Amino acid sequence: MTAIVDPINRFARKVPVWLVYLLYALPIPVLFYLAATGAMGVEPINTLEREMGEITLQLLIIGLAITPLRRFAGLNLLKFRRAIGVMAFVYVVVHLGIWVVLDMSLRWEQMWGDIWKRPYITIGMVAFLAMIPLAATSNNYSVRKLGAATWRNLHKLVYPIAVLGAVHFIMVQKVWEAEPLIYLAVILTLIGLRYIPKQKTTGAAVKG
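Thresholds, definitions, all that
- Residues numbered from 1 in each chain as written.
- Predicted model: local features only at pLDDT ≥ 70, side-chain atom pairs only at ≥ 80, totals over all residues.
- Heavy atoms only, no water.
- Helix = DSSP H or I, 4+ residues; strand = E, 2+ residues; numbered from the N terminus.
- Buried < 20%, exposed > 50% of the residue type's maximum accessible area, 1.4 Å probe, protein only.
- Contact = heavy atoms within 4.5 Å.
- Polar contact = N/O pair within 3.5 Å; in protein donor to acceptor, adjacent residues only side chain to side chain.
- pLDDT = per-residue confidence, 0-100.
- Patch = residues over 30% accessible without salt bridge, like charges linked within 9 Å, V, L, I, M, F, W, Y side chains within 5 Å.
- Areas by Shrake-Rupley, 256 points an atom, 1.4 Å probe, with all protein chains shown as cover.
- Salt bridge = Lys/Arg side-chain N within 4 Å of Asp/Glu carboxyl O.

Colleague: Got a sec to walk through the overall build of the chain? Specific residues and values, please.
Modeller: In terms of regular secondary structure, the chain is built from eleven helices and zero strands. Listed by position from the N terminus, the elements making up the chain come as α-α-α-α-α-α-α-α-α-α-α. Dimensions of the chain along its principal axes, counting C-alpha atoms only, are 80 × 40 × 35 Å. The burial tally for the chain puts 36% of its 208 residues in the buried class.

Written out as structure tokens, the structure is:
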């Protein structure tokens, strides 16, 4: 395992964090272009909205995977976690913006009614609102201001956020599909791995 992990860790140390922002920013204009040029089928707005939501969920999963990968495999990608979280928020904002502007055409009264009447929209909105304080505190100033312990506890909100996001994805589908269920299973597994007790290394001291 070390022979595989060590080169990856060495490579990761050389990769600048800004590259994560760039690589995940690029698909946004590309996907909008595909939707505008008819490459997303007969319902481009719905397809575009779904793509943005799905990438949000994928980024949340990647962020959740970083700690278990470090703990169980020795793979250290911790430097990228903040960027991944910020980009997850960017995608959920775009996802919501598509619904508000393109799908609902700024019909505020109808949107407000849907938030209360349609559970999958309610769940998605709760997840979005919970992401706002995480995005707002994803900076060194907030860590210093809140204190490391409080900051870490606040950012544990990502656990229910990811679960709610997966449930939202499941409920958006009109029929049961395997993909959203797999996302939920992966999220629950990654969260569960965090609560596996750490093995204690014991050794007998030899006195001479």
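Colleague: Provide a residue-level description of the environment of threonine 56, including the pertinent values.
Modeller: If you trace the backbone, threonine 56 turns up in helix H4 (residues 44-73). Judged by relative accessible area, threonine 56 falls into the buried class, the value being 4%. When the C-alpha positions of threonine 56 and valine 90 are compared, they lie 8.2 Å apart, and in sequence the two are 34 residues distant. If we skip the residues at most four places from it in the chain, threonine 56 touches Ala88, Tyr91 and Val92. Only 3.2 Å separates the side chain of threonine 56 from the backbone nitrogen of valine 92, close enough to count as a polar contact.

Colleague: Tell me what's going on with the confidence of the model for the chain, and back it up with residues and numbers.
Modeller: Mean pLDDT over the chain stands at 92; residues scoring 70 or higher make up 95%. Ranking the elements of the chain by mean pLDDT puts helix H1 (residues 2-14) last, at 90, and helix H5 (residues 81-103) first, at 97. The model gives residues 201-208 a pLDDT under 50, and that stretch makes zero contacts with residues more than four places away or in other chains.

Colleague: Can you break down a nonpolar patch on the surface residue by residue, with the values?
Modeller: A cluster of nonpolar residues, Phe32, Ile45, Val101, Leu102, Leu106 and Trp108, forms a patch on the protein surface that exposes about 540 Å² of accessible area. Along the chain, the position of phenylalanine 32 falls in helix H3 (residues 27-36). Overall, the relative accessible area of 31% leaves phenylalanine 32 in the partly exposed class.

Colleague: Just give me the short version of the environment of leucine 60, but keep the residues and values in it.
Modeller: Inspection of the secondary structure assignment puts leucine 60 in helix H4. Taking the C-alpha atoms as reference, leucine 60 lies 8.6 Å from isoleucine 161; in sequence the two are 101 residues apart. Leave out the neighbours within four places in its chain, and leucine 60 touches Ala88, Met131, Val158, Ile161 and Ala162.

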